[in-house]
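Residue-level listing of the chains:
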Amino acid sequence: MGRADPEEGQLPAPVKPPDGGWGWIVLFGCFVITGFSYAFPKAVSVYFKELMKDFHVGYSDTAWISSIMLAMLYGTGPVCSIMVNQFGCRPVMLIGGLLASSGMILASFTTNIIELYLTAGVLTGLGMALNFQPSLIMLGTYFDKRRPLANGLAAAGSPVFLSSLSPLGQVLLEKFGWRGGFLIMGGLLLNCCTCGAVMRPLDTGMKRKMEKAQDKYEAKEMLPMGGKSEEGISTTDGTKKAKKAKKKPKKGKKLLDFSIFSNRGFIIYTISKFILVLGLFVPPILLVNYAKDTGVPDTEAAFLLSIIGFIDIFARPACGMVAGLKWVRPHVAYLFSFSMLFNGLTDICSARASNYTGLVIFCVFFGISYGMVGALQFEVLMAIVGSQKFSSAIGLVLLIEAFAVLIGPPSAGRLVDALKNYEVIFYLAGSEVVLSALFLAMATYCCLNRGKKTPPPEKNPSAGGGSDTEEAESDVQEAEEHSSDNHQPAHGTDKAMVAANEEANHVEDEQSGEGGRCPEADGEVLARAGCNADQTVERDSF
């Protein structure tokens, strides 16, 4: 009673996340996908100098390659959400791996910068988007209690791959040129197909078992009269079958849920992320070229990204563990704000670094703060909207962030071409990140926390997860044991049901004639008082 029927427009109860088991394999696949998705656009910057010479273009033109990759990663979010809701995560990821690989392979044969935009930018970016978003959805499906730690470990794929792909790209550039490097990188991206193959959806058998136990639990509550509970179960099943026959065809599943825009927390998060992305990716994209312009050798300049990646490897899992603490997890939004503030201040304080030592110090602190942001960004979103709406929420958030990605790095590259000064770029990027941190903290405190002063509602017994199922199953076992003691032949059961119905109708006629009314009470008390059980069911169903 009081439970939502999944067929009345409600989503069925999700399967309880295992928080382990095959989830660790899914976590490893998400680790690899996250590494390629975030590290690849930055690692490609190693080839920018050679591309500028071959195609006779400037900083802003080559920066568009990374920007288009990131824009496709973000901008195709709603398309990915629709495809995942329609076809599932595994097929979408397999197609994405093929697209990402073919994009880099075709890019090795390009003859101008426009063709490079279409192949390495659009095609590869789209392929990585079709891998990245489904992997996060699967991670949220397999983990709940350990989700902050799982998000931190998966996010560590970005620095691990950044610290390896950047030096690898430099070696490939020196031995095979940028065309050979792109060809080999395309082969590496085929590993995304392997990661997609391990994204096995959770078994729905447990979900069906939960629904069956729930139906029996409802029947026992409706007719808690000893041996008649078994008859009530069979009657409930027959009634449900009749309802299904009369019901209209079921509406299809929503491909994209726009109702999340009614969530104030989601609106605040989206605005903050838009401001954040304007400046977050600018320093690592321009760092290698900045170091080369200051006289740092090419190999040492590429090593700067490896330093960021190495620090980031430890920062993300550590931050995920901190976010999973009982006294921190309810306030994870403020921890996310602190990480953004730390990152922005790092950019501002390191704007005047003009030698290799200063750049190394900047990379250390940037790696820590960048790792904290990377570990918390999707954990905060999952905490705001929940796992059921996460597939739609992340698609819409990434679409909005795509506009910021298209504005940030290209604008920074154009300013570099015009001013020949990187100091202004670091000040500007850091200010944008600090602004996003302050907005998130203040808006969360003013708009969300003050609205929680009202006393919490009473605990709903139907809102649980596995505990409700266990209670339902135990109640069903008790009902079955009780009914087995009073078991009668089939024809005797039918006669008992007919007699019970006639008696109930007689009592109802007497009460309606006297103008009496059944008291507001539990089903069992009503049965003792002589009230009609059908009235109880009808009242509770509303």
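Basis of the calculations
- Residues numbered from 1 in each chain as written.
- Predicted model: local features only at pLDDT ≥ 70, side-chain atom pairs only at ≥ 80, totals over all residues.
- Heavy atoms only, no water.
- Phe/Tyr/Trp six-rings, centres within 6.5 Å; stacked < 30°, edge-to-face > 60°.
- Helix = DSSP H or I, 4+ residues; strand = E, 2+ residues; numbered from the N terminus.
- Lys NZ or Arg CZ within 6 Å of the ring centre and 35° of its normal.
- pLDDT = per-residue confidence, 0-100.
- Contact = heavy atoms within 4.5 Å.
- Patch = residues over 30% accessible without salt bridge, like charges linked within 9 Å, V, L, I, M, F, W, Y side chains within 5 Å.
- Areas by Shrake-Rupley, 256 points an atom, 1.4 Å probe, with all protein chains shown as cover.
- Salt bridge = Lys/Arg side-chain N within 4 Å of Asp/Glu carboxyl O.
- Core = buried A, V, L, I, M, F, W, Y, C linked by side-chain atoms within 4.5 Å.
- Buried < 20%, exposed > 50% of the residue type's maximum accessible area, 1.4 Å probe, protein only.
- Axes fitted to C-alpha atoms, helices over the stretch in contact; angles between N-to-C directions.
- Left-handed = near helix turned anticlockwise from the far one by under 90°.
- Expected span 1.5 Å × (residues − 1).
- Polar contact = N/O pair within 3.5 Å; in protein donor to acceptor, adjacent residues only side chain to side chain.

Before going further, it helps to spend a moment on the packing of aromatic side chains. A complete count under the given rule lists 17 aromatic pairs for this structure. With centroids separated by 6.3 Å and ring planes inclined at 15°, the aromatic side chains of phenylalanine 28 and phenylalanine 31 adopt a geometry described as stacked. On the criterion of helical spacing, the pair formed by phenylalanine 28 and phenylalanine 31 is a turn pair, its members being three residues apart in helix H1 (residues 23–43). Each ring, one from tyrosine 47 and one from phenylalanine 182, has its centre 5.1 Å from the other, and the planes form 80°; the classification is edge-to-face. Of the two residues, tyrosine 47 sits in the loop between H1 and helix H2 (48–55) while phenylalanine 182 sits in helix H8 (residues 157–188), which places them 135 residues apart along the sequence. Ring pairing ties together the aromatic residues Tyr290, Phe362, Phe366, Tyr370 and Phe426, which thus form one cluster. Lysine 273 extends its terminal NZ or CZ atom over the ring of phenylalanine 378, reaching a point 5.7 Å from the ring centre.

A few words on the confidence of the model for the protein. One rule of thumb: low pLDDT means the predicted coordinates there are not for detailed reading. With 70% of its residues at a pLDDT of at least 70, the protein reaches an overall mean of 75. pLDDT under 50 marks residues 226–232. Its contacts with residues more than four places away, or in other chains, come to 15 contacts.

Turning next to a nonpolar patch on the surface. A cluster of nonpolar side chains, contributed by Phe109, Phe176, Leu183 and Ile184, occupies part of the molecular surface with about 410 Å² of accessible area. Structurally, the position occupied by phenylalanine 176 is in helix H8.

For soluble globular proteins, the rule of thumb is that nonpolar side chains tend to be buried together. Counting residues in each nonpolar core, the largest one holds 130 residues, and the members touching the most others are Phe40, Ile65, Leu116 and Phe281. In terms of residue count, helix H16 (residues 356–385) provides more of this core than any other element does, 14 residues in total. Not counting residues up to four positions away in its chain, the partners in contact with phenylalanine 40 are Gly35, Met69, Met104, Thr124, Met128, Leu165, Met185 and Leu189.

This paragraph deals with the packing of H1 against helix H6 (residues 113–142). At their nearest, the axes of H1 and H6 sit 9 Å apart, and the two run at 145° to each other. Along this stretch, H1 crosses H6, giving a crossing that reads as left-handed. When H1 is examined against H6, the residues Gly23, Val26, Leu27, Cys30, Ile33, Thr34, Phe36, Ser37, Tyr38, Phe40 and Pro41 are found in contact with a partner set consisting of Thr124, Met128, Asn131, Phe132, Ser135, Leu136, Met138, Leu139 and Tyr142.

Okay, the pattern of salt bridges next. Scanning the model with the defined rule gives five salt bridges in all. The partner of glutamate 401 in a salt bridge is lysine 273, with the nearest N and O atoms 2.7 Å apart. Here glutamate 401 is found in helix H17 (residues 390–419), whereas its partner lysine 273 is found in helix H12 (residues 264–280), with 128 residues between them in sequence. The same class applies to glutamate 401 as to lysine 273, namely buried.

With that out of the way, let us pick up the environment of leucine 406. Here leucine 406 is to be found in helix H17. In this structure leucine 406 comes out as partly exposed when scored by relative accessible area, which is 35%. Sequence separation of leucine 406 and methionine 72 is 334 residues, and the distance between their C-alpha atoms is 9.8 Å. Not counting the four nearest positions on each side in its chain, leucine 406 is found in contact with Trp64, Ser67 and Ala71.

Our next topic: H6. For H6, built from 30 residues, the straight-helix expectation of 44 Å at 1.5 Å per residue is met to within 8% by its first-to-last C-alpha distance of 42 Å. When you tally the buried positions in H6, you get 23 out of 30 residues, the bulk of the element. Between the side-chain oxygen at the start of H6 and the backbone nitrogen of isoleucine 114 there is a gap of 3.1 Å, and the oxygen is on asparagine 112.

Assignment of secondary structure puts leucine 139 in helix H6. Look at leucine 139 and you get buried, because its relative accessible area is 1%. Each C-alpha atom of the pair leucine 139 and asparagine 151 lies 7.8 Å from the other, and the pair is 12 residues apart in sequence. Aside from chain neighbours lying at most four places away, what touches leucine 139 is Val26, Leu27, Cys30, Ala150, Asn151 and Ala154.

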